[in-house]
Amino acid sequence: RRVHGDNTLRMSSKSKVLLMGKSSAGKTSMRSIIFANTIARDTMRLGATIDVEHSHVRFLGNLVLNLWDCGGQAAFMENYFSSQRDHIFRNVKVLIYVFDVKSDTHAKDVEQYASCLEALKENSADAKIFCLLHKMDLVPEEYRDSVFRERVAELDGVSRPMDVKCFRTSIWDETLYRAWSSIVYSLVPNVSVLEAHLENFCHICEADEVVLFERATFLVISHATRTAHRDDHRFEKVSNIVKQFKLSCLKNGASFEAMEVRNSLFAAFVDKFTSNTCIMVIVSDPAVTSTAMAVNIHVARTYFESYVTTSTRKE
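My aim in this report is to walk through the structure given alongside it, one point at a time. (Residues numbered from 1 in each chain as written. Predicted model: local features only at pLDDT ≥ 70, side-chain atom pairs only at ≥ 80, totals over all residues. Heavy atoms only, no water.)

**Side note on the packing of aromatic side chains**
Now for step 1: For the structure on display, the rule yields twelve aromatic pairs.
Now for step 2: With a centroid separation of 5.5 Å and an interplanar angle of 85 degrees, the aromatic rings of phenylalanine 35 and tryptophan 180 are classed as edge-to-face. One end of the pair, phenylalanine 35, is in helix 1 (residues 27-35); the other, tryptophan 180, is in helix 6 (residues 175-185), and 145 residues separate them in sequence.
Now for step 3: For phenylalanine 35, a relative accessible area of 21% translates into the label partly exposed.
Now for step 4: Aromatic side chains phenylalanine 201 and phenylalanine 304 sit 6.4 Å apart centroid to centroid with 70 degrees between the ring planes, which places their arrangement in the edge-to-face category. Taken together, the positions of phenylalanine 201 in helix 7 (residues 191-204) and phenylalanine 304 in helix 9 (residues 290-310) put the pair 103 residues apart, joining distant regions of the chain. The pair formed by phenylalanine 201 and phenylalanine 304 is uniform in burial state, with each residue classed as buried. (Phe/Tyr/Trp six-rings, centres within 6.5 Å; stacked < 30°, edge-to-face > 60°. Helix = DSSP H or I, 4+ residues; strand = E, 2+ residues; numbered from the N terminus. Buried < 20%, exposed > 50% of the residue type's maximum accessible area, 1.4 Å probe, protein only.)

**Quick notes on the environment of tyrosine 185**
Now for step 1: Here tyrosine 185 lies in helix 6.
Now for step 2: Along the sequence, tyrosine 185 and leucine 219 sit 34 residues apart, while their C-alpha atoms lie 9.2 Å from each other.
Now for step 3: Those residues in contact with tyrosine 185, other than ones at most four positions away along the chain, are Val191, Glu195 and Ile221. (Contact = heavy atoms within 4.5 Å.)

**Side note on the side chain of lysine 22**
Now for step 1: With respect to the helices, strands and loops of the structure, lysine 22 is situated in the loop between strand 1 (15-21) and helix 1.
Now for step 2: Despite its burial, lysine 22 remains without a salt bridge, the nearest opposite charge being carried by aspartate 104 at 4.2 Å.
Now for step 3: In contact with lysine 22, not counting residues within four places along its chain, are Lys27, Gly72, Tyr97, Val98, Ser103, Asp104, Thr105 and Asp109. (Lys, Arg positive; Asp, Glu negative; His and termini not counted. Salt bridge = Lys/Arg side-chain N within 4 Å of Asp/Glu carboxyl O.)

**Describing the nonpolar core**
Now for step 1: Among the nonpolar cores identified, the biggest contains 50 residues, and Ile96, Trp180, Phe201 and Val281 are the most heavily contacted of them.
Now for step 2: If one sorts the elements of this core by residue count, helix 6 sits on top with six residues.
Now for step 3: Look past the residues within four positions of valine 281 in its chain and what remains in contact with it is Phe201, Ala207, Glu209, Val210, Ala267, Ala268, Phe269, Met293 and Ile297.
Now for step 4: One finds Met77, Phe89, Tyr97 and Val152 within the second-largest nonpolar core, a separate group that totals 34 residues. (Core = buried A, V, L, I, M, F, W, Y, C linked by side-chain atoms within 4.5 Å.)

**A short note on the pattern of salt bridges**
Now for step 1: This model, assessed by the stated rule, comprises 13 salt bridges.
Now for step 2: In this structure, arginine 168 and aspartate 145 form a salt bridge, with 2.8 Å as the shortest nitrogen-oxygen distance. Of this pair, arginine 168 sits in strand 6 (residues 165-168) while aspartate 145 sits in helix 5 (residues 144-159), placing them 23 residues apart in sequence.
Now for step 3: Judged by its relative accessible area of 28%, arginine 168 is partly exposed.
Now for step 4: By relative accessible area, which is 42% here, aspartate 145 ends up partly exposed.

**Side note on the state of the cysteines**
Now for step 1: All chains considered together, the criterion is met by zero disulfides.
Now for step 2: Cysteine 249 takes part in no disulfide bond, and the closest cysteine sulfur, belonging to cysteine 278, lies 12 Å away.
Now for step 3: With relative accessibility at 13%, the residue cysteine 249 sits in the buried group. (Disulfide = S-S within 2.5 Å.)

**Section: the pairing of strand 11 (residues 277-283)**
Now for step 1: The buried count for strand 11 comes to seven of seven residues, which makes it a mostly enclosed element.
Now for step 2: Neither face of strand 11 is left uncovered, since the one carrying Thr277, Ile279, Val281 and Val283 and the one carrying Cys278, Met280 and Ile282 both have all their residues buried.
Now for step 3: In this sheet, strand 11 lies alongside strand 7 (residues 209-214) in antiparallel orientation, the contact comprising six bridges. Pairing of phenylalanine 213 across the sheet is with cysteine 278, part of strand 11.
Now for step 4: When strand 10 (residues 267-272) meets strand 11, the two strands line up antiparallel, connected through six bridges. Residue alanine 268 lies in a different strand from strand 11, and its bridge partner there is isoleucine 282.
Now for step 5: In sequence, strand 10 turns back onto strand 11 through a hairpin of four residues. (Pairing = 2+ DSSP bridges.)

Structure representation (structure tokens):
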């Protein structure tokens, strides 16, 4: 089935993403874990970001994340809001503001966030805003929900009339992948079209669920579900597990190609898909063989490669 006109998945060549927050909030650590294959325990070796560090990450076809990691020291923040204001905040697609949930300067942190919003209103009024309440692992587990709700209510009030989406995050669990998957998902235009094709593939394979991951970061791009599942965090858990497995393979001089996990309840197939993606197919029907699923993925790979890569070229 061909995709015509406005149904094609078009992506801008570059999407400017600001990563901001006070010094030592954890911005560079999370960026390194997601995009540079750093493991959590090694992030303590990372130094402070000086001024602005630029990185370009190709993500799903021709979508390039133009990531600006902005140092959070007071002198740099002052420059961002004064002499560099237009340069920093012009043409921004996404602002990611990271709060250290255990910061002893919380009021100042919120004040600087509000200054970012004012600069965005002037220069990039349509930018999407995400707040990451980071280092939640340092909050006792019985208080995490209440602390998160309190901070979300506060940031909603500060952000009005702009919309903000908040996530609790930690480098030590899957919450980091949940937040960044949502951020990247927001940058994929016409994603409903991609989801429709995944739904079709899921139906053809008689699968319970199909999940599309970006290959390098293993962030979730899209999914199709035919059977309800009680774990709302399952995708991010898989991202975290497979990413760690891939890193283990690299350390042993091997490369990740595919994997299959079976038990009495289901089979999970994880395989390279297009040049930029991996796919996971979950099947509970024991009659579906490994060979049949490999054929289905192979046949779909050619179509999706053409769809994701060719149709994303800037016109």
